[in-house]
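Results of the structural survey
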Amino acid sequence: WIIKQNEDASSPYYHRLDTSKIGQLGHSFGGMSTCMSASDPRYKALATICGTRELSGVHTPMMFFCGGKDNTVKCDGVRNTFLSVKNQPAFFINELNADHGSWVYQGAKGVSLSAAAAWFRVFLMNDTANRKFFFGSNCTFCSDSRVKVEQNSLMAQ
């Protein structure tokens, strides 16, 4: 719908969107949907919050977020999906004291929304300043006491 709006002269979105840089973020079932559509060639970066599913055709960087106190979607399942990403940069964040909906009521002060914003800035906007949050053994989230993170080998740079 939004891509069509970008080409519709009567739309307020007409020629205002860069459709070459599309990211997708989903929570819970939305995270599952993000994983199910990961092979869509239009996507350039993906992220899930407390929801995953088996992946196929991943061709973009992916960030996986879970809450250590989430009784709806367990971190082990989210982590297992993260571990399956080998050919693209992948990052896993377990916010230790978060539950299934923490990202909503924590807002920008929480880990998930600030991480998502930085993730998409890095991979959709080529924002090199935000790479520090994810890349290398001394990354910002790597030393954040609120979380436990893992990087795949492509994030060690």
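That block above? That's the structure.
Residues numbered from 1 in each chain as written. Predicted model: local features only at pLDDT ≥ 70, side-chain atom pairs only at ≥ 80, totals over all residues. Heavy atoms only, no water.

A short note on the sheet that holds strand 3 (residues 62-67)
Spatially, 1-2-3-4-5 is the arrangement adopted by the five strands of the open sheet, whose pairing is mixed. Looking at strand neighbours, the two that pair on one side only are strand 1 (22-27) and strand 5 (147-151), the edges of this open sheet. For this sheet, the mean inter-axis angle between neighbouring strands, taken without regard to orientation, is 10 degrees. Note that strand 4 (residues 90-95) and strand 5 share five bridges and pair antiparallel. Paired with Phe91 across the two strands is Gln151, which belongs to strand 5. Sitting on the sheet, helix 2 (residues 29-36) touches strand 1, strand 2 (43-49) and strand 3, and the angle it makes with strand 1 is about 140 degrees. Taken strand by strand, helix 5 (residues 111-125) contacts strand 1, strand 2, strand 3, strand 4 and strand 5, and its axis lies near 170 degrees from that of strand 2. (Pairing = 2+ DSSP bridges. Helix = DSSP H or I, 4+ residues; strand = E, 2+ residues; numbered from the N terminus. Axes fitted to C-alpha atoms, helices over the stretch in contact; angles between N-to-C directions. Contact = heavy atoms within 4.5 Å.)

Description of the nonpolar core
Membership of the largest hydrophobic core comes to 23 residues, with the highest contact counts inside it found for Met63, Phe91, Ile93, Trp119, Phe134 and Phe141. Per-element tally for this core: the top contributor is helix 5, with eight residues. With sequence-adjacent residues up to four places away left out, Phe141 is seen in contact with Phe91, Val111, Ser114, Ala115, Phe133, Phe134, Val147 and Val149. (Core = buried A, V, L, I, M, F, W, Y, C linked by side-chain atoms within 4.5 Å. Buried < 20%, exposed > 50% of the residue type's maximum accessible area, 1.4 Å probe, protein only.)

Brief notes about unusual backbone geometry
Although it is not a glycine, Cys50 adopts a positive phi angle of roughly 55 degrees. Of note, Cys50 is situated in the loop between strand 2 and strand 3. Of the residues examined, Cys50 reaches a relative accessible area of 0% and is grouped as buried. The backbone of Asn126 sits at a positive phi, close to 55 degrees, despite the residue not being glycine.

Notes on a nonpolar patch on the surface
Where nonpolar side chains cluster on the molecular surface, the patch consists of Trp1, Ile2, Ile3, Tyr13 and Leu17 and spans about 480 Å² of accessible area. Relative to the helices and strands, Trp1 resides in the segment before helix 1 (2-7). (Patch = residues over 30% accessible without salt bridge, like charges linked within 9 Å, V, L, I, M, F, W, Y side chains within 5 Å. Areas by Shrake-Rupley, 256 points an atom, 1.4 Å probe, with all protein chains shown as cover. Salt bridge = Lys/Arg side-chain N within 4 Å of Asp/Glu carboxyl O.)

Side note on the packing of aromatic side chains
For the coordinates displayed, the defined rule picks out 10 aromatic pairs. On the basis of an interplanar angle of 85 degrees and a centroid distance of 5.1 Å, the ring pair of Phe91 and Phe134 is categorised as edge-to-face. Of the two residues, Phe91 is situated in strand 4 and Phe134 in the loop between helix 5 and strand 5; the sequence distance between them amounts to 43 residues. Each member of the pair, Phe91 as well as Phe134, is classed as buried. Taken together, Phe91, Trp119, Phe123, Phe133, Phe134, Phe135 and Phe141 form an aromatic cluster joined through their ring pairs. (Phe/Tyr/Trp six-rings, centres within 6.5 Å; stacked < 30°, edge-to-face > 60°.)

Quick notes on the environment of Ser33
Examined against the element boundaries, Ser33 turns out to sit in helix 2. Of the residues examined, Ser33 reaches a relative accessible area of 37% and is grouped as partly exposed. C-alpha separation for the pair Ser33 and Val85, spaced 52 residues apart in sequence, amounts to 17 Å.

A few points about the pattern of salt bridges
On inspection of all chains with the given rule, the structure shows four salt bridges. With its nearest N and O atoms 2.5 Å apart, the salt bridge here joins Glu150 to Arg79. One end of the pair, Glu150, is in strand 5; the other, Arg79, is in helix 3 (residues 75-83), and 71 residues separate them in sequence. Under the relative-accessibility criterion, Arg79 is labelled partly exposed at 31%. With its nearest N and O atoms 2.7 Å apart, the salt bridge here joins Arg121 to Asp127. Assessed through its relative accessible area of 36%, Arg121 is described here as partly exposed.

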